[in-house]
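Given next are the chains, with one letter for each unit.
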Amino acid sequence: MKSIFAIFFVACLLNGNILVAQSPPPYQLPDSYRFDYEVTQVLVHKKNLADTSVMHFLYTKSGDYAAARISSKPNKKGNLLVVITNNGMTIIFDEHNKNITIISIRKLISDLSGLTKWIRMDSLMANLHKKTDGKDFQSVKTGNNKQVGNYTSEEYSVSDNKGLKGNIWCAKVDFNTQTDYILGAIGGNFLQMMGGRMATHPLFQALTQPKTLVTDIETSDSAGGHNMNLHTVSINQTPTTIPTSGWTVNNYSNMTLPEIFQEEMKKRNHQ
């Protein structure tokens, strides 16, 4: 899984300098967000069961946006709701403090890419390319299937040269999933940015297909101990509406990273 995050980081660096040429107008918050599907998943950390998380993902038929609500305690839906749009806007609902914060992932990526002039990019890119070339990672489509709700999930067996093994199940669904929105946020063609053998692995080819949902993950280390399990409890076509009225709004959607810090510091000084 570390390889996935490394690849996303490379993609961000490659695309950041062309994503935002000038500051766009502030994002217009709608009166409400309307969702059509709810996916409930449980993430279990075998080494520390207290870290078990219940995750509720909300999706739309239109593919305009999705949302996630994560709780560390079963039977509770937490106090943080994050909405991400198909163009990289992130709207964070703090249900405890009753405020909404809006930021642009694309703009922040562009700001962070400006830091690359202080980094030896030749050595950094060479190191990242080595970590994501896929030589130490194997994935095989097993041919095993299982039903998750109304969808068929397919199993992929994965392993690396350090003894980590796992099984990952993916299902084709009829709505955009996390990967679709992440790729929309960072821009560009994900597979074309990857070098080496990584792009040829069956699992990564499946994950980067539109409307692909990871339904289950089981991993174990070289000693046979279980590290992490992800299990999909349900996939339901459930209408959900999230109103935006009555919240304090911090709209940082067209601000640079330094400008956001300055605004936050002003608020802290006035408290």
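The structure presented is a predicted model; accordingly, all values stated were derived computationally and were not measured.

Let's talk about the pairing of strand E10 (residues 165–172)
Phase 1: Of the strand pairs in this sheet, strand E9 (residues 151–160) and E10 are connected by seven bridges, and their pairing is antiparallel. From the neighbouring strand, serine 157 faces E10, where its bridge partner is asparagine 167.
Phase 2: Hairpin connection between E9 and E10: a loop of four residues separates the two successive antiparallel strands, and glycine 163 in this loop has a positive phi of roughly 95°.
Phase 3: Bridge count between E10 and strand E11 (residues 212–220): eight bridges; the pairing is antiparallel. Bridged to lysine 165 within E11 is serine 220.

Re the confidence of the model for the protein chain
Phase 1: On average, residues of the protein chain carry a pLDDT of 77, and 68% of them reach 70 or more.
Phase 2: Mean pLDDT across the elements of the protein chain bottoms out in helix H1 (residues 2–19) (44) and peaks in strand E1 (residues 32–35) (97).
Phase 3: When the criterion is pLDDT under 50, residues 1–21 qualifies, and its contacts beyond four places in sequence or with other chains add up to 45 contacts.

Examining the environment of isoleucine 91
Phase 1: For isoleucine 91, the location among the structural elements is in strand E6 (residues 89–94).
Phase 2: What makes isoleucine 91 buried here is its relative accessible area of 0%.
Phase 3: For the pair isoleucine 91 and serine 253, spaced 162 residues apart in the sequence, the C-alpha separation amounts to 9.1 Å.
Phase 4: With near-sequence residues (within four places) excluded, isoleucine 91 lies in contact with Tyr27, Leu29, Tyr33, Leu81, Val82, Val83, Thr85, Ile100, Thr101 and Ile102.

Parameters and conventions
Residues numbered from 1 in each chain as written. Predicted model: local features only at pLDDT ≥ 70, side-chain atom pairs only at ≥ 80, totals over all residues. Heavy atoms only, no water. Pairing = 2+ DSSP bridges. Helix = DSSP H or I, 4+ residues; strand = E, 2+ residues; numbered from the N terminus. pLDDT = per-residue confidence, 0-100. Contact = heavy atoms within 4.5 Å. Buried < 20%, exposed > 50% of the residue type's maximum accessible area, 1.4 Å probe, protein only.

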